[in-house]
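Secondary and tertiary structure notes
Spelled out, the chains give:
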Amino acid sequence: CHLLMAVVRLAAVGALALATGRGVRNAEEPRPASTALATPWLLAVLVIGNPFSAHLAWLGQPTLPMAALLVWSWFLARRGRDSLAGVLLGLATFKPQFLVLPLLWLVLERRWRLLAVAGGVSLALAVPSFVSTGIETTLSGWVAALARYTGHHAAQLGNAWVVGLPSLLTAMGAGVPGPFVWLVAAAPLVAALFLARRRLCPDDQLGLLTGIQCALVYGHTNDLVLLAPLAAATWLHIADRRRLWLP
């Protein structure tokens, strides 16, 4: 079992690196970065070589496979393959707190087929637990586990392992609400970005959503692997503008 999970985590790193490079090479709005020979290698190095990927693989955390599923799902969704994208998104729902903002964007886009497939897959994954312990027991157990998780010191705002503006403000002594409130507050920002989407590069969308999650809502340091789409979007904009490489 441990060997299998190690293989899954390593495969997730490779899949995330591949998806990040493919997002640039097959961009919706191609730019010089899309044809640059260094693009797939550079982005692969950013994903495989960053310390968060290594730490997640060593700890056995599920963020890596979730991130790979999310990025591949988004890549396929932007290219009209809603059914397969929905399957991958549904599989990613084992870590749902990082899917709220992407799901909100898909709702605003009225991607009902994709969302229906994702919901069906997520429900199918829950069926064994529903059958063995009952729906009410399963749901109440999940809520109780969530409460225990948020109450753990390593998951609380202000802890050195928790990133984002709310955690920074807490560490500075400011009294701020919990992550759920910040997640709700991020929804109008996502809606505003959606209304202004014609002014945005479509290849920036997922990077902006995961960036908002990590910077303004909640995330652990290791969850920063979710910024791979933001790194890809940044490279799309600056690959041919060398004066911006260093900053």
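This text gives an overview of the structure that appears in the document.

Conventions we followed
Residues numbered from 1 in each chain as written. Predicted model: local features only at pLDDT ≥ 70, side-chain atom pairs only at ≥ 80, totals over all residues. Heavy atoms only, no water. Helix = DSSP H or I, 4+ residues; strand = E, 2+ residues; numbered from the N terminus. Rg over C-alpha atoms; globule rule 2.2 N^0.38 Å. Buried < 20%, exposed > 50% of the residue type's maximum accessible area, 1.4 Å probe, protein only. Contact = heavy atoms within 4.5 Å. Areas by Shrake-Rupley, 256 points an atom, 1.4 Å probe, with all protein chains shown as cover. Lys, Arg positive; Asp, Glu negative; His and termini not counted. Charge placed at Lys NZ, Arg CZ, Asp CG, Glu CD. Axes fitted to C-alpha atoms, helices over the stretch in contact; angles between N-to-C directions. Parallel < 35°, antiparallel > 145°, perpendicular 65-115°, else oblique. Left-handed = near helix turned anticlockwise from the far one by under 90°. Nonpolar A, V, L, I, M, F, W, Y, C, P; charged D, E, K, R; others polar. Salt bridge = Lys/Arg side-chain N within 4 Å of Asp/Glu carboxyl O. Core = buried A, V, L, I, M, F, W, Y, C linked by side-chain atoms within 4.5 Å. Phe/Tyr/Trp six-rings, centres within 6.5 Å; stacked < 30°, edge-to-face > 60°.

1. Description of the overall build of the protein
Counting its secondary structure elements, the protein contains 13 helices and two strands. Expected size for 247 residues packed as a compact globule is a radius of gyration near 18 Å; at 18 Å, the protein falls within 12% of this value. With the principal axes as the frame, the protein shows a C-alpha extent of 55 × 45 × 45 Å. The burial tally for the protein puts 41% of its 247 residues in the buried class. Considering only contacts within the protein whose residues lie at least 6 apart along the sequence, 69% involve residues at least 24 apart. Just so you have it, the protein exposes about 13,300 Å², and 70% of that area is on carbon and sulfur atoms. In the protein, the 18 positive side-chain charges and the 9 negative ones have mean positions that sit 3 Å from each other.

2. Regarding the packing of helix α1 (residues 2-25) against helix α13 (residues 228-238)
Helix-helix packing: each pair is described by the crossing angle between the helix axes and the interaxial distance. Running from N to C, α1 and α13 point in directions that differ by 30°, and their axes come no closer than 9 Å. As far as their axial angle goes, α13 and α1 are roughly parallel. Where α1 crosses over α13, the two elements pack in a sense that is right-handed. Between α1 and α13, the contacting residues are Leu16, Thr20 and Val24 on the first element and Ala228, Ala232, Trp235 and Leu236 on the second. Across the contact of α1 with α13, the residue classes break down as six nonpolar, one polar and no charged.

3. Section: the pattern of salt bridges
Following the criterion strictly, the structure yields four salt bridges and no others. A salt bridge links aspartate 82 to arginine 111, with the shortest nitrogen-to-oxygen separation between them at 2.6 Å. Taken as a pair, aspartate 82 in helix α6 (residues 82-91) and arginine 111 in the loop between α7 (100-108) and α8 (112-133) lie far apart in primary sequence, 29 residues in all. For aspartate 82, a relative accessible area of 14% gives the class buried.

4. Some details on the environment of leucine 123
Residue placement: leucine 123 occurs in helix α8. Note: C-alpha distance between leucine 123 and glycine 90 (33 residues apart in sequence) is 8.4 Å.

5. A closer look at the nonpolar core
Among the nonpolar cores identified, the biggest contains 51 residues, and Leu16, Leu64, Leu89, Leu101, Trp105 and Leu226 are the most heavily contacted of them. By residue number, the principal contributor to this core is helix α5 (residues 63-77), which donates twelve residues. In this structure, leucine 226 is in contact with Met66, Ala67, Leu70, Phe98, Thr210 and Cys214, ignoring residues within four places of it in sequence. Counting residues in hydrophobic clusters, the runner-up holds nine residues, among them Ala33, Trp235, Leu236 and Ile238.

6. Notes on the packing of helix α3 (residues 39-48) against α13
Packing of α3 against α13 leaves a shortest axis separation of 10 Å and a crossing angle of 150°. For the element pair α3 / α13, the angle class is roughly antiparallel. You can see that α3 and α13 cross each other, and the crossing is right-handed. On α13, the residues touching Thr39, Leu42, Leu43, Leu46 and Val47 of α3 are Ala228, Ala231, Ala232 and Trp235. When grouped by side-chain class, the residues that make up the contact of α3 with α13 number eight nonpolar, one polar and no charged.

7. A closer look at the packing of aromatic side chains
Within this structure, the stated rule accounts for three aromatic pairs. Between tryptophan 72 and phenylalanine 75, the ring centres sit 5.5 Å apart and the planes meet at 80°, which makes this aromatic pair edge-to-face. With tryptophan 72 and phenylalanine 75 both in helix α5 and three residues apart, the pair spans about one turn of that helix. Per residue, the accessibility class of tryptophan 72 equals that of phenylalanine 75, and both read buried. When the ring of tryptophan 235 is compared with that of tryptophan 245, the centres are 5.7 Å apart and the planes differ by 45°; the resulting orientation is tilted. Of the two residues, tryptophan 235 sits in helix α13 while tryptophan 245 sits in the segment after α13, which places them ten residues apart along the sequence. Tryptophan 235 sits in the buried class, given a relative accessible area of 13%. Judged by relative accessible area, tryptophan 245 falls into the partly exposed class, the value being 40%.

Keep in mind that these numbers describe shape and distance, not what the molecule does.
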